[in-house]
Amino acid sequence: MGEWLEVTVAETIRWNDGLYSLRFHAPLPAFKAGQFVRVGLDVDGERIARPYSLVNAPDETPHEIYFNVVPEGPLSPRLAKLEAGDTVFVHSSTTGTMTMERTPDHRHLWLFATGTALGPFLSMLKTDAPWERAERVVLCLSIRHAADLAYGETIRRLEARHGDRFDFVPLITREAHPVALRERIPAALASGQIERRVGLRLDPEDAHVMLCGNSDMIEEVQQVLEQRGLRRHRRREPGHITVEKYH
Ligand SMILES: Cc1cc2nc3c(=O)[nH]c(=O)nc-3n(C[C@H](O)[C@H](O)[C@H](O)COP(=O)(O)OP(=O)(O)OC[C@H]3O[C@@H](n4cnc5c(N)ncnc54)[C@H](O)[C@@H]3O)c2cc1C
């Protein structure tokens, strides 16, 4: 299903040596915030493609992906070298189940991301759905260094727009920072640091949790949450935790 589209890069953003965003205008069909596309390049006659979450809201253009360079990886270092006007391949099928419409009713939405997994949550938070469904939204982002904090403007706009209903909790694991927690997400959740910080309990009665990014974080957070009575959400077996693993 779907086809490869050859599209032109509209803009690249270099957040630091290893962190980039790529914007492109592509005639993609309507997608749901939280979904991803396959992006690829032809290398030595072979198309190398990987999935990337869309950062733009469904009603925004251009389309945008946010990625980090995996130095030994075949695609991401090449994507990082692209400039406006270069060609990239984008597959026309957008997909993914980490979306609001698949989320059961909840009062509090907890979003936990490592690194570039911030992207799909920004796409979601720019739409109305999370704010129509939840009284409070907590976005926790784990990064190694303060310089890895991208999309600060977007986060500040969300804070200004949603006031006390929105908390952004940065966790910076490898250096001290005046406002960030210096802890990994699973430990900060297990110790209650995150809940104390936002003044809200993460309980099965009113929470839905989305976990995106690194599989170690996802598995460890799931273990912490399972001890509190939360379980994976599946269509046929409603629960509290939605997951998307990047690697
Ligand atoms: C559903 C889905 C959505 C994704 N969305 C994004 C996204 O929005 N942004 C993004 O940066 N990546 C995302 N990824 C990962 C992405 O598809 C690529 O794997 C990544 O960009 C590396 O590509 P590569 O070809 O250079 O190396 P690969 O051959 O894909 O990977 C090389 C090695 O690096 C590991 N790896 C993969 N991704 C990362 C990473 N981000 N950080 C550290 N190690 C990694 C792999 O496990 C593997 O061991 C997503 C993955 C999936 C499954």
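Residues numbered from 1 in each chain as written. Predicted model: local features only at pLDDT ≥ 70, side-chain atom pairs only at ≥ 80, totals over all residues. Heavy atoms only, no water.

1. Comments concerning the site of the ligand
With respect to spatial proximity, 18 residues lie near the ligand, and among them Arg-50, Pro-51, Tyr-52, Asn-68 and Ser-76 are the closest. Contacts to the ligand include Ser-53, whose backbone N or O atom sits 3.0 Å from an oxygen atom. Expressed as a share of its isolated accessible area of 870 Å², the protein-covered part of the ligand is 75%. When contributions to the shell around the ligand are tallied by element, the ones reaching two or more residues are β4 (46–53), β5 (63–68) and α1 (76–80). (Near = heavy atom within 4 Å. Polar contact = N/O pair within 3.5 Å; in protein donor to acceptor, adjacent residues only side chain to side chain. Areas by Shrake-Rupley, 256 points an atom, 1.4 Å probe, with all protein chains shown as cover. Helix = DSSP H or I, 4+ residues; strand = E, 2+ residues; numbered from the N terminus.)

2. Structural notes on the pairing of strand β1 (residues 4–16)
When β1 meets strand β6 (residues 87–91), the two strands line up antiparallel, connected through 5 bridges. By the bridge assignment for β6, Thr-8 is matched with Thr-87. Where β1 and strand β2 (residues 19–24) come together, 6 bridges link them in antiparallel fashion. Paired with Ile-13 across the bridge in β2 is Ser-21. Connecting the antiparallel pair β1 and β2 is a turn made up of 2 residues. (Pairing = 2+ DSSP bridges.)

3. Considering the pattern of salt bridges
When their charged atoms lie close together, side chains carrying opposite charge are able to pair. Counted according to the given criterion, the structure contains 17 salt bridges. For Arg-157, the salt bridge goes to Glu-153, with nearest N and O atoms at 3.8 Å. Taken together, the residues Arg-157 and Glu-153, both in helix α4 (residues 152–162) and 4 residues apart, mark about one turn of the helix. On the basis of relative accessibility, which here comes to 52%, the residue Arg-157 falls in the exposed class. Overall, Glu-153 belongs to the partly exposed group, its relative accessible area being 48%. (Salt bridge = Lys/Arg side-chain N within 4 Å of Asp/Glu carboxyl O. Buried < 20%, exposed > 50% of the residue type's maximum accessible area, 1.4 Å probe, protein only.)

4. Some points on unusual backbone geometry
A cis geometry characterises the amide bond from Thr-61 onward to Pro-62, with omega recorded as -5°. Structurally, Pro-62 is set in the loop between β4 and β5. Even without a glycine there, the phi angle at Asp-44 is positive, about 50°. Along the chain, Asp-44 turns up in the loop between β3 (36–43) and β4. Since its relative accessible area comes to 80%, Asp-44 is described here as exposed. The phi dihedral of Tyr-151 falls on the positive side, at around 60°, and the residue is not glycine. Judged by relative accessible area, Tyr-151 falls into the buried class, the value being 5%.

That is the geometry; function is a separate question.
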